Amino acid sequence: MAYLDDLRNKLGIKQDNFIDQSDSILVALKKMDKEDVKLLMVFDQNKFKSVLSIGDIQRSIIKNTALEKSIAEILRKKITVCFSDENFDEVKAKMLALRTECMPVLKRSSKELVSVYFWSDLFDDKSRLEGELDLPLVVMAGGQGTRLKPITHIIPKPLVPINEKPIVETIINSFNKLGCKQVYMTVNYKKEMIKFYFDQIKGKKYNLEFLNEDKPLGTAGSLSFLKDKITTSFFVSNCDILVKQDYREVLAYHKHNKNDLTILSALSHYQIPYGTLVTGDKGQLVDIEEKPEKTFMINTGVYLLEPKLLQMIPEDTFFHMTDLIEAIRKSNGKVGVYPVSGGSWVDIGQWKDYQKHIKVSL
């Protein structure tokens, strides 16, 4: 909307992170992905209303709120703001005390927005969320990477580079940055090369233990090696995906809902390039949807598990994560789904995806 562009330009804000409250949740998600932001400033015409975070959207999706609903329906009623008669040091101190992601600054009389401060601008790499995520991480890296041939004829998929590091090292570092210090990695194909690479890394801030698969055991079978090693909740990640997400929020959701297993899902949008037909009784046409867009929850390949699940995994048996999930459901266990935006998930498991995302920022 033109008035939002004018307002942004007036405030000197370059990123397009303003949105009208009449826009849908789906529009907000797409804008976050396009602008690579986790928070939007929400307006009703020229009047500032509230802020919308990715966390607000995630909570609404968990409640099964339709993405077509307007963001006005999920806005927080109360937010923390500062006023233009407060100086910069006061604003910064309030943000630090409340660990707030952004601080709108309003005129006290008219409530007109005059400035916005963002945590990332004021505190650099200092994490907004406090506390360490001291949980084990298991990286499943035993596959042959057939979808990435011919490069995997030469190097194993975990060592395929993203930016200046192998993807598996980037995955481990993203968890280690949040406090994960114990890492297990399942290996099989070209395992000597993987071990040699990590042996050369000096000053690692995590302990890495390899789990040798003598034969392919599927996406979960090798977890049986950990039955006597892990006694806390733990993360499992495929070795060919990256997710831009603070996993402390995932753990909070997992614990609050008392899940046995939580799946991280990415919201992916697909537009069907044809008009689709909706029919009723006797094949009579009810409606024509012209090039409809559908949104699906995609399994990212990142999971959070409780240690008791290790007892459900058969030893020395080919066993997929989907087999474990079905076993949990049949035993009346709880499997949760935690959504992240499509732009927060990078899958490099195929050539076209790898070439698209050869340089990413986490």
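That block above? That's the structure.
Since we're looking at a predicted model, the values are computed, not measured. (Residues numbered from 1 in each chain as written. Predicted model: local features only at pLDDT ≥ 70, side-chain atom pairs only at ≥ 80, totals over all residues. Heavy atoms only, no water.)

S.K.: Hey, could you run me through the overall build of the chain in this one?
M.R.: Scanning the chain from terminus to terminus reveals 11 helices and 19 strands. On the principal axes, the C-alpha backbone points of the chain span a range of 70 × 70 × 40 Å. Taking the 52 positively charged and 48 negatively charged side chains of the chain as two groups, their mean positions are separated by 1 Å. (Helix = DSSP H or I, 4+ residues; strand = E, 2+ residues; numbered from the N terminus. Lys, Arg positive; Asp, Glu negative; His and termini not counted. Charge placed at Lys NZ, Arg CZ, Asp CG, Glu CD.)

S.K.: Quick question: what am I supposed to make of empty space enclosed by the protein here?
M.R.: The gaps left among the atoms become clear once a water-sized probe is rolled over them. Evaluation of the coordinates by the stated rule reveals two cavities of 30 Å³ or more. The volume enclosed by the largest cavity comes to roughly 60 Å³. Of the volumes computed, that of the second largest cavity is approximately 40 Å³. Considering the residues around the second largest cavity, the lining is formed by Ile171, Ser174, Phe175, Ser237, Ile241, Leu242, Val243, Tyr247 and Val302. Where the lining of the second largest cavity is concerned, the elements lending two or more residues are α7 (167-176) and β13 (241-243). Residue classes in the lining of the second largest cavity are distributed as seven nonpolar, two polar and no charged. (1 Å grid on protein atoms, 1.4 Å probe; cavity = no way out; pocket = protein on both sides within 12 Å on 5 of 7 lines; lining within 4 Å. Points joined across faces, edges and corners; volume = space filled by probe spheres on them. Nonpolar A, V, L, I, M, F, W, Y, C, P; charged D, E, K, R; others polar.)

S.K.: Quick question: what am I supposed to make of the sheet that holds strand β2 (residues 39-44) here?
M.R.: Backbone-to-backbone hydrogen bonds pair the strands of a sheet. The strands run either parallel or antiparallel. Pairing is mixed in the open sheet, where three strands are placed in the order β1-β2-β3. At either end of the open sheet lies a strand with only one pairing partner, and these are β1 (18-20) and β3 (47-53). For this sheet, the mean angle separating the axes of adjacent strands, direction not counted, is 35 degrees. Sheet analysis places β1 next to β2, joined by three bridges and oriented parallel. When the bridges of β2 are listed, Ile19 appears paired with Val42. (Pairing = 2+ DSSP bridges. Axes fitted to C-alpha atoms, helices over the stretch in contact; angles between N-to-C directions.)

S.K.: Sorry, what's going on with the side chain of Asp240 here?
M.R.: For Asp240, the position within the fold is in the loop between β12 (234-238) and β13. Side-chain polar atoms of Asp240 contact the side chain of Lys157, separated by 3.1 Å. (Polar contact = N/O pair within 3.5 Å; in protein donor to acceptor, adjacent residues only side chain to side chain.)

S.K.: It is not clear to me how the environment of Asn17 should be interpreted in this structure. Could you clarify?
M.R.: Looking at the secondary structure, you find Asn17 in the loop between α1 (2-11) and β1. A relative accessible area of 2% places Asn17 in the buried class. Sequence separation of Asn17 and Arg147 is 130 residues, and the distance between their C-alpha atoms is 37 Å. Here Asn17 is in contact with Arg8, Val37, Leu39, Leu40, Met41 and Phe118, once residues within four sequence places are set aside. (Buried < 20%, exposed > 50% of the residue type's maximum accessible area, 1.4 Å probe, protein only. Contact = heavy atoms within 4.5 Å.)

S.K.: What's the story with the pairing of strand β18 (residues 335-341) in this structure? I'm lost.
M.R.: Taking burial as the measure, the seven residues of β18 include five buried ones, the bulk of the element. Sheet analysis places strand β14 (residues 261-271) next to β18, joined by seven bridges and oriented parallel. When the bridges of β18 are listed, Leu261 appears paired with Val335.

S.K.: What is the right way to look at the packing of aromatic side chains in this model?
M.R.: Ring pairs (aromatic) are described by centroid distance and by the angle formed between their planes. Counting across every chain of the model gives 10 aromatic pairs. Note on Tyr270 and Phe296: the rings are 6.0 Å apart at their centroids and 55 degrees apart in plane angle, and the pair reads as tilted. Residue Tyr270 is found in strand β14, and its partner Phe296 is found in strand β17 (residues 293-305); the two are separated by 26 residues along the sequence. Take Phe296: its relative accessible area is 42%, and that puts it in the partly exposed class. Each residue in the set Phe18, Phe43 and Phe48 is aromatic and connected to the rest through ring pairs, giving one cluster. (Phe/Tyr/Trp six-rings, centres within 6.5 Å; stacked < 30°, edge-to-face > 60°.)

S.K.: Could you clarify how one ought to interpret the layout of surface pockets in this entry?
M.R.: Computed from the structure, the second largest pocket encloses a volume of approximately 650 Å³. Only β7 (137-141), β17, α10 (321-330) and β19 (345-347) provide two or more residues apiece to the lining of the second largest pocket. Tallied by class, the residues present in the lining of the second largest pocket amount to 12 nonpolar, 14 polar and five charged.

S.K.: Hey, could you run me through the sheet that holds β7 in this one?
M.R.: Judged by pairing direction, the sheet is mixed, and its seven strands sit side by side in the order β11-β10-β7-β12-β17-β14-β18 without closing on themselves. Looking at the sheet topology across the chains shown, the edges are occupied by β11 (207-212) and β18. Adjacent strand axes in the sheet meet at a mean angle of 30 degrees when their direction is disregarded. Sheet topology note: the β7/β12 ladder contains four bridges and is parallel. Paired with Val139 across the bridge in β12 is Ser237. Running over the sheet, α7 touches β7, β10 (182-187), β12 and β17 and is turned about 170 degrees from β7.

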